[in-house]
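Chain by chain, the residues run as shown.
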Amino acid sequence: MGNTGNSKGPSMFYRMPTAILAAAAFSAFVGTAAHSADESLSDKAAGWWQSVKEYSAEKAAEISEATSNLMDDMADEVAELKEASSEMADESSEAANEELEELLKNAEEASEKLSNASGEAWEDAKEEFDEAYKALEEAVENRKEAVTHEGRS
């Protein structure tokens, strides 16, 4: 998995080059055409479209599972940070923990939207999740540094 900028978290999202998708679609279409010379063009197109939908559904399920796992890991990390900072029960620690909770909630909601998105909503949902996750990831890294620094003081 790739990295997102300077952060350590994996980037779950990449764009499949259009040429690869087109080649896969064409290959499915040609494969369908080879099965029966008697099939009408609309039957061939329906078979091709079904192949594309199945491929898309499979990839959407993979992405949904990956984002869910990512969010579970992040929720665990937030809980650990909150526990580690509980000894430093000052206003700034409480505010930082509340911010982490809010960012975690936003990222979980964006993950849910992404899991349910299709068609035109997919790109927007993907972007929303990416932004929410990056904000959470940055806050977690900053909080780790603060907890480590405060723990050494």
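Bear in mind that the values here come from a model prediction, so they are computed numbers and not experimental data. (Residues numbered from 1 in each chain as written. Predicted model: local features only at pLDDT ≥ 70, side-chain atom pairs only at ≥ 80, totals over all residues. Heavy atoms only, no water.)

Chemist: Just checking my understanding: could you explain the nonpolar core for this structure?
Modeler: Generally speaking, soluble globular proteins have nonpolar side chains that are buried together. In terms of nonpolar packing, the biggest core is built from 20 residues, with M71, F129, L136 and V140 touching the most fellow members. Those elements that provide at least two residues to this core are α2 (41-85), α3 (91-116) and α4 (120-152). When residues of this core are assigned to their parent elements, the largest contribution, eight residues, is made by α4. If we skip the residues at most four places from it in the chain, L136 touches M71, M74, V78, L100, L103, L104 and A107. (Core = buried A, V, L, I, M, F, W, Y, C linked by side-chain atoms within 4.5 Å. Buried < 20%, exposed > 50% of the residue type's maximum accessible area, 1.4 Å probe, protein only. Helix = DSSP H or I, 4+ residues; strand = E, 2+ residues; numbered from the N terminus. Contact = heavy atoms within 4.5 Å.)

Chemist: Which parts of the structure should I look at to understand empty space enclosed by the protein?
Modeler: The gaps of empty space that remain are located by a probe, the size of a water molecule, rolled over the atoms. Going through the model one piece at a time under the given rule, you end up with two cavities of 30 Å³ or more. If you add up the space inside the second largest cavity, you get close to 30 Å³. Residue assignment for the lining of the second largest cavity shows that the elements contributing at least two residues are α2 and α3. In terms of residues, the lining of the second largest cavity owes the most to one element, α2, which gives four residues. For the lining of the second largest cavity, the class distribution of residues is four nonpolar, three polar and no charged. (1 Å grid on protein atoms, 1.4 Å probe; cavity = no way out; pocket = protein on both sides within 12 Å on 5 of 7 lines; lining within 4 Å. Points joined across faces, edges and corners; volume = space filled by probe spheres on them. Nonpolar A, V, L, I, M, F, W, Y, C, P; charged D, E, K, R; others polar.)

Chemist: Can you walk me through the side chain of S111 in this structure?
Modeler: Looking at the secondary structure, you find S111 in helix α3. Look past the residues within four positions of S111 in its chain and what remains in contact with it is T67, S68, M71 and F129.

Chemist: What is the right way to read the environment of E94 from this model?
Modeler: Tracing the backbone shows E94 in helix α3. As for E94 and K82, which are separated by twelve residues in sequence, their C-alpha atoms are 8.7 Å apart.

Chemist: Is there a simple way to explain a negative patch on the surface in this structure?
Modeler: Together, D72, D73, D76, E80, E83, E87, E102, E108 and E109 make up a region of like negative charge exposed at the surface. Mapped by element, the contributors of at least two residues to the negative patch are α2 and α3. The element that contributes the greatest number of residues to the negative patch is α2, accounting for five residues. With respect to the secondary-structure elements, D72 resides in helix α2. (Patch = residues over 30% accessible without salt bridge, like charges linked within 9 Å, V, L, I, M, F, W, Y side chains within 5 Å. Areas by Shrake-Rupley, 256 points an atom, 1.4 Å probe, with all protein chains shown as cover. Salt bridge = Lys/Arg side-chain N within 4 Å of Asp/Glu carboxyl O. Lys, Arg positive; Asp, Glu negative; His and termini not counted. Charge placed at Lys NZ, Arg CZ, Asp CG, Glu CD.)

Chemist: So what exactly am I meant to see when it comes to the confidence of the model for the chain here?
Modeler: Note: predicted coordinates in regions of low pLDDT should not be interpreted at a detailed level. When pLDDT is averaged along the chain, the result is 74; 66% of the residues meet or exceed 70. Put simply, strand β2 (residues 10-11) is where the chain has its lowest mean pLDDT, 41, and α3 is where it has its highest, 89. Between residues 1-23, whose pLDDT stays under 50, and residues either more than four places distant or in other chains, the model counts 29 contacts. With pLDDT under 50 throughout, residues 32-36 is counted as low confidence; its partners more than four residues away or in other chains account for six contacts. (pLDDT = per-residue confidence, 0-100.)

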